[in-house]
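Spelled out from the first residue to the last, the chains are:
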Amino acid sequence: MARIYCAGTLASGATLLLPPAAARHVQVLRLQPGSALTLFNGQGGEFDAVVTHMGRSDVQVQIGAHHSAEREAARPVHLAVGIPANERMDWLVEKATELGAASLQPLLTERSVLRLSGERADKRLAHWQAIAVAACEQCGRNRVPLVHPLRSLAQWLATPPAGPQRWLLSLQPNAQAAGPLLAQAAGPLLAQAHTGNLPLILLSGPEGGLSPAEEAAALASGFAPVTLGPRVLRAETAPLALLALATLAL
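If you're wondering where the values come from, they're calculated on a predicted model, not measured in any experiment.

Asks: Sorry if this is basic, but what is going on with the pattern of salt bridges here?
Replies: Charged atoms that come close allow side chains of opposite charge to pair. A complete count under the given rule lists ten salt bridges for this structure. Residue Glu46 pairs with Arg3 through a salt bridge whose shortest N-O separation is 2.9 Å. Taken as a pair, Glu46 in strand E4 (residues 46–54) and Arg3 in strand E1 (residues 2–5) lie far apart in primary sequence, 43 residues in all. In this structure Arg3 comes out as buried when scored by relative accessible area, which is 13%. A salt bridge links Arg71 to Glu46, with the shortest nitrogen-to-oxygen separation between them at 3.1 Å. Here Arg71 is found in the loop between strand E5 (59–67) and strand E6 (77–82), whereas its partner Glu46 is found in strand E4, with 25 residues between them in sequence. On the basis of relative accessible area, Arg71 is assigned to the partly exposed category, the value being 41%. Since its relative accessible area comes to 11%, Glu46 is described here as buried. Through salt bridges that share partners, Arg88, Glu207, Arg234 and Glu236 make up one connected network.

Asks: How should the packing of aromatic side chains be read in this particular structure?
Replies: To describe a pair of aromatic rings, one takes the distance between the centres and the angle between the planes. Across all of its chains, the model carries two aromatic pairs by this definition. Seen from their ring centres, Trp156 and Phe223 are 5.8 Å apart, and the 45° between their planes marks the pair as tilted. Of this pair, Trp156 sits in helix H4 (residues 153–158) while Phe223 sits in the loop between helix H7 (212–220) and strand E13 (224–227), and the two are 67 residues apart along the sequence. You can call Trp156 buried: its relative accessible area is 7%.

Asks: For this particular structure, what's the right way to read the nonpolar core?
Replies: Taken as a class, soluble globular proteins show a tendency for nonpolar side chains to be buried jointly. Ranked by size, the top nonpolar core spans 32 residues in total, and within it Leu79, Val93, Ala96, Trp128, Trp167 and Leu242 carry the most contacts. Of all the secondary-structure elements, those providing two or more residues to this core are E6, helix H2 (88–99), strand E7 (103–108), helix H3 (118–139), strand E10 (165–169), helix H5 (178–183), strand E12 (200–204) and helix H8 (238–248). Other than its neighbours up to four places away in sequence, Ala96 contacts Leu79, Ala101, Leu104, Arg141, Leu240 and Leu243. Core analysis: the next-biggest nonpolar cluster, separate from the first, contains 17 residues, Ala2, Ala23, Ala49 and Val59 among them.

Asks: I would appreciate a short explanation of the side chain of Asn41 in the present structure.
Replies: Counting through the fold element by element, Asn41 comes out in the loop between strand E3 (36–40) and E4. In this structure the side chain of Asn41 is engaged in a polar contact, spanning 2.9 Å, whose partner is the backbone oxygen of Gly8. At 3.0 Å, the side chain of Asn41 and the backbone nitrogen of Gln43 are in polar contact. Excluding residues within four positions of it along the chain, Asn41 makes contact with Tyr5, Cys6, Gly8, Thr9 and Leu10.

Asks: Mind showing me how you'd approach unusual backbone geometry here?
Replies: Across the chain, the bulk of peptide bonds are trans and the bulk of non-glycine residues have phi less than zero. Phi is positive for Arg30, which is not a glycine, with a value near 60°. On the accessibility criterion, Arg30 (70% relative accessible area) is exposed.

Asks: How should the pairing of E3 be read in this particular structure?
Replies: It is a general feature of regular strands that their side chains alternate between the two faces of the sheet. Of all five residues in E3, four are buried; the element is thus mostly enclosed. Note: E1 against E3, four bridges, orientation parallel. When the sheet's bridge partners are listed, Tyr5 is paired in E3 with Phe40. Where E3 hands over to E4, the hairpin turn is made up of five residues, of which Gly42 adopts a positive phi near 85°.

The rules behind these values
- Along each chain, residue indices are assigned from 1 in the same order as the chain's sequence is written.
- Residue-level local features of this predicted model are given only where pLDDT is at least 70; pairs of side-chain atoms are given and counted only at 80 or more, and the full residue set underlies all totals for whole chains, interfaces and linings.
- Side-chain calculation: all heavy atoms of the structure are included, whereas hydrogens and water are not.
- Throughout this description, the term salt bridge denotes a Lys or Arg side-chain nitrogen within 4 Å of a carboxyl oxygen of Asp or Glu.
- Numbering of helices and strands runs from the N terminus, with a helix taken as a DSSP run of H or I at least four residues long and a strand as a DSSP run of E at least two residues long.
- For each residue, the accessible area found with a 1.4 Å probe, counting protein chains only, is set against the maximum for its type, and the residue is called buried under 20%, exposed over 50%, and partly exposed in between.
- Stacked, tilted and edge-to-face pairs are distinguished by plane angle, under 30 degrees for stacked and over 60 for edge-to-face with tilted covering the rest, among Phe, Tyr and Trp rings (Trp via its six-membered ring) whose centres lie within 6.5 Å.
- In this description, a nonpolar core means a group of buried Ala, Val, Leu, Ile, Met, Phe, Trp, Tyr and Cys residues linked to one another through side-chain atoms lying within 4.5 Å.
- Contacts were defined at the residue level, with two residues in contact if any of their heavy atoms lie within 4.5 Å.
- Pairs of N or O atoms are called polar contacts if they sit within 3.5 Å, as long as, within protein, a hydrogen donor faces a hydrogen acceptor (for residues adjacent in sequence, only side-chain-to-side-chain pairs).
- Pairing between strands is defined by DSSP: at least two bridges between them are needed.

These figures come from the coordinates and say nothing about function on their own.
Right, dumping it as C-alpha cells:
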C-alpha cells in the first residue's frame, strides 16, 4: 500500500485536500478514487486513508483510523558528516534515513570538495530533506529525520551537541573498535537505550577525512575516536556502516 507524507494536521474522519507534493505523488502512482493509502505527518503514527476525488491538480482523501506504529531505532543516533562530493550526499541521506538516523548535520570541513552557501545551500538543504521524506515513505518510518542547515565544523563544535556519547570515525592508532563498544550495550546500557535516553552523536569526515587540526578540535569537544577496522571505507560508506551497527544492534 502506498505511503504518503502529508505535512500538517491529520485527523480521523476528516476530508482533506492533499498538499501539492503529496497530490503529485498520488497522481504519479496512478491511484484512483477508492484506492487505499497510508498517510503520515512525521509526528508519530500513521493513518488509513482512501482517495475520494482525483482532479487534474488536486487530490481529495477521506482519513480513516490512526495507528500508533513506531519504527524508530531503539537508540537515537545523530549523524554529522563532512559533505561528500557529487551525488554521494543524496545517497547518504537516503540510506541514513532508512537505517534510522534521528537527524543529519551536513558539515563544511577543510577537505570538503562541495562548497555551498546562500541560495544554493538552501536549495540543496530542501533537496536533502525531500530525500529523507521519500526514504521514510519507502521504509515505513513515521518520523522524518531533520536535515539541519549546513554549518562549518568549527561552528558546529562551538555549540557541542548534547549526548552522553560522541564518537569520531578516525584512523588514529588509539581509536577503539566500534563493534565491541556497541556490543557492551547488551548489558545495562541496552535497557537505557530502549527508553530513548541514550543518544549517540557520530561524526565523520569527507573524502580524505578530517584534517589533524579538525580531529584535535573534535577530541577537545568530547568526541572519542572509534574505528571500523583496518580497511579504509569511502566517505559515504563509513558513517553508514557505523550507523547500521548502532541502530540495528539493539
